[in-house]
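Structural overview
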Amino acid sequence: TEQSGVTPDAPISPVSPGGLSIELQIALNLIAAVVVAPISEELLYRGVIARAWGRQSGARRAIVFSTIVFAFAHTIGVGGTGTSEALIAAAIAFLIRVPLGLAAGWIWVKRRSLLAPIVLHALYNLAIVVLSNAGS
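Below: a short report on this structure. What you see is a predicted model; the values in this text were computed from it and never measured.

The helix and strand tally for the protein stands at four helices and zero strands. Reading the secondary structure of the protein in the N-to-C direction produces α-α-α-α. Taking all 136 residues of the protein together, the buried fraction comes to 26%. For the protein, the share of sequence-separated contacts (at least 6 apart) that also reach a separation of at least 24 residues comes to 57%. A total accessible area of about 9100 Å² is found for the protein, and carbon and sulfur atoms account for 67% of it.

Encoded structure:
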């Protein structure tokens with residue numbers, strides 16, 4: 001307790017201010033990150049944007065263009081306490097997504113299927129969620 005400096009484990013799961021347990025938050029985050037986002041984003045970025053761009057400019061340009069749009073879209077909402085911090089955070093968010101976008105585009109072209117980039121995207125997001133919740 002307070003005098004010994006030891007805090008006993010809580011008898012029930014911690015609850016967030018929104019009323020959801022940490023386990024439920026992680027489960028919902030996993031569903032969004034590993035199922036919803038990969039399917040919806042790959043349908044948009046590879047299935048619509050890259051496909052349309054590829055008809056006009058070829059596969060390589062389609063991969064690059066869809067990657068830029070994908071990476072840029074993931075900078076929306078990134079912020080900081082000031083303008084320079086927000087710009088740095090947005091640049092990092094952009095640069096982190098470029099390899100995933102290029103890999104997803106490449107595997108989409110090679111496999112001629114949206115399933116492959118969806119699986120790649122899901123595995124990438126799964127790793128991010130697991131690593132970010134490793135201490136929870």
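It is worth spelling out the layout of surface pockets at this point. What the largest pocket holds in volume is close to 180 Å³. Lining the largest pocket are 14 residues, with Ala33, Arg97, Tyr124, Asn125 and Ile128 positioned closest to its centre. When contributions to the lining of the largest pocket are tallied by element, the ones reaching two or more residues are α1 (22-57), α3 (83-111) and α4 (115-132). The leading source of residues in the lining of the largest pocket is α4, at five residues.

Moving on, we get to the packing of α1 against α4. Their axes nearest at 8 Å, the elements α1 and α4 cross at an angle of 150°. The angle between the axes of α1 and α4 places the two elements in the roughly antiparallel class. α4 is crossed by α1, and the crossing has right-handed handedness. Across the interface between the two elements, Asn29, Leu30, Ala33, Val34, Ala37, Pro38, Ile39, Glu41 and Glu42 of α1 pack against Pro117, Ile118, His121, Ala122, Asn125, Leu126 and Val129 of α4. Residue composition of the contact of α1 with α4, grouped by class: eleven nonpolar, three polar and two charged.

As a further point, take the pattern of salt bridges. Under the defined criterion, the tally for this structure stands at one salt bridge. Between arginine 46 and glutamate 42 there is a salt bridge, with its nearest N and O atoms 2.6 Å apart. Separated by four residues within a single helix, arginine 46 and glutamate 42 lie in helix α1, roughly one turn from each other. Residues arginine 46 and glutamate 42 agree in their burial class; the two are buried.

For α3, with 29 residues, the first-to-last C-alpha span of 41 Å sits near the 42 Å given by 1.5 Å per residue. If you look at α3, its biggest bend is around 30°, right at valine 98, and the proline proline 99 turns up within four residues after that. All buried positions along α3 are accounted for by Ala86, Ala90, Ala93, Leu100, Gly101, Ala104, Gly105 and Trp108. Buried residues along α3 sit against α1, α2 (59-73) and α4. Among the residues trailing α3, arginine 112 stands out with phi positive, at a value near 55°.

Procedures and definitions
- Residues numbered from 1 in each chain as written.
- Predicted model: local features only at pLDDT ≥ 70, side-chain atom pairs only at ≥ 80, totals over all residues.
- Heavy atoms only, no water.
- Helix = DSSP H or I, 4+ residues; strand = E, 2+ residues; numbered from the N terminus.
- Buried < 20%, exposed > 50% of the residue type's maximum accessible area, 1.4 Å probe, protein only.
- Contact = heavy atoms within 4.5 Å.
- Areas by Shrake-Rupley, 256 points an atom, 1.4 Å probe, with all protein chains shown as cover.
- 1 Å grid on protein atoms, 1.4 Å probe; cavity = no way out; pocket = protein on both sides within 12 Å on 5 of 7 lines; lining within 4 Å.
- Points joined across faces, edges and corners; volume = space filled by probe spheres on them.
- Axes fitted to C-alpha atoms, helices over the stretch in contact; angles between N-to-C directions.
- Parallel < 35°, antiparallel > 145°, perpendicular 65-115°, else oblique.
- Left-handed = near helix turned anticlockwise from the far one by under 90°.
- Nonpolar A, V, L, I, M, F, W, Y, C, P; charged D, E, K, R; others polar.
- Salt bridge = Lys/Arg side-chain N within 4 Å of Asp/Glu carboxyl O.
- Expected span 1.5 Å × (residues − 1).
- Bend = angle between axes of the 7 residues up to and from the residue.

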